[in-house]
Amino acid sequence: LSFFLSSLREQEDLHALKIFPNPAEKYLNIQMESLGPKLWEIRIHDVFGRIVVQKKSQLDRTLQLDISQLPPGQYVLRLQDGDTSFSRKWIHTPY
């Protein structure tokens, strides 16, 4: 039952946070569904787990991050607000 509830929560989380485009070149758009405006800690981790971007930002529905200074590669976007956290993998491509 615990596994089922955890999987169900993960399915709900998949719909709560969307990032696009993926792969991304210059900008990564972050879209949250129905959580209302909140102050989120935003972190981008490289494939080695190092934090390459860290900032706090008010996120109502959509936020655009400038990723043009990051080298091409795979990254993980993590948003956290207290006990609530979301993460998504994405790819930065050269332009």
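Placed above this text is the structure.
The rules behind each value
- Residues numbered from 1 in each chain as written.
- Predicted model: local features only at pLDDT ≥ 70, side-chain atom pairs only at ≥ 80, totals over all residues.
- Heavy atoms only, no water.
- Core = buried A, V, L, I, M, F, W, Y, C linked by side-chain atoms within 4.5 Å.
- Buried < 20%, exposed > 50% of the residue type's maximum accessible area, 1.4 Å probe, protein only.
- Helix = DSSP H or I, 4+ residues; strand = E, 2+ residues; numbered from the N terminus.
- Contact = heavy atoms within 4.5 Å.
- Pairing = 2+ DSSP bridges.
- Axes fitted to C-alpha atoms, helices over the stretch in contact; angles between N-to-C directions.
- Salt bridge = Lys/Arg side-chain N within 4 Å of Asp/Glu carboxyl O.

S.K.: What should I look at first to understand the nonpolar core in this one?
M.R.: Note on soluble globular proteins: their nonpolar side chains tend to be buried together. Counting residues in each nonpolar core, the largest one holds 20 residues, and the members touching the most others are Ile30, Ile44, Leu65, Ile67, Leu77, Leu79 and Trp90. Within the residue set of this core, elements represented by two or more residues are strand E1 (17-20), strand E2 (27-32), strand E3 (38-45), strand E5 (62-66), strand E6 (73-81) and strand E7 (84-92). Apart from the residues lying within four places of it in its own chain, the contact partners of tryptophan 90 are Ile19, Asn22, Ala24, Leu28, Ile44, Ile67, Leu70, Gly73, Gln74, Tyr75, Val76 and Leu77.

S.K.: Which parts of the structure should I look at to understand the sheet that holds strand E4 (residues 51-59)?
M.R.: The strands that make up a sheet pair up through hydrogen bonds in the backbone, lying either parallel or antiparallel. Within the open sheet, the 4 strands sit side by side as E4-E3-E6-E7. Their pairing is antiparallel. The open sheet terminates on both sides in strands that have one partner only, identified here as E4 and E7. Each adjacent strand pair in this sheet contributes to an overall mean axis angle of 20°, direction not counted. The pairing of E3 with E4 spans 8 bridges and is antiparallel. Within the sheet, the bridge partner assigned to histidine 45 lies in E4 and is isoleucine 51.

S.K.: Mind showing me how you'd approach the pattern of salt bridges here?
M.R.: Side chains that carry opposite charge are capable of pairing whenever their charged atoms lie near each other. The final tally for this structure, using the stated rule, is 3 salt bridges. The residue aspartate 81 makes a salt bridge to lysine 38 at a minimum N-O spacing of 3.4 Å. Residue aspartate 81 is located in strand E6, and its partner lysine 38 is located in strand E3; the two are separated by 43 residues in the primary sequence. The class of aspartate 81 is partly exposed, set by a relative accessible area of 25%.

S.K.: Looking at this model, I keep getting lost on the sheet that holds E5. Mind explaining?
M.R.: Ordered by their spatial adjacency, 3 strands build an open sheet running E1-E2-E5, and the pairing between neighbours is antiparallel. Among the strands making up the open sheet, the edge pair consists of E1 and E5. Across the sheet, the mean angle from the axis of one strand to that of its neighbour is 20°, orientation sign disregarded. Bridging between E1 and E2 involves 4 bridges; their strand directions are antiparallel. Residue leucine 17 lies in a different strand from E2, and its bridge partner there is methionine 32.

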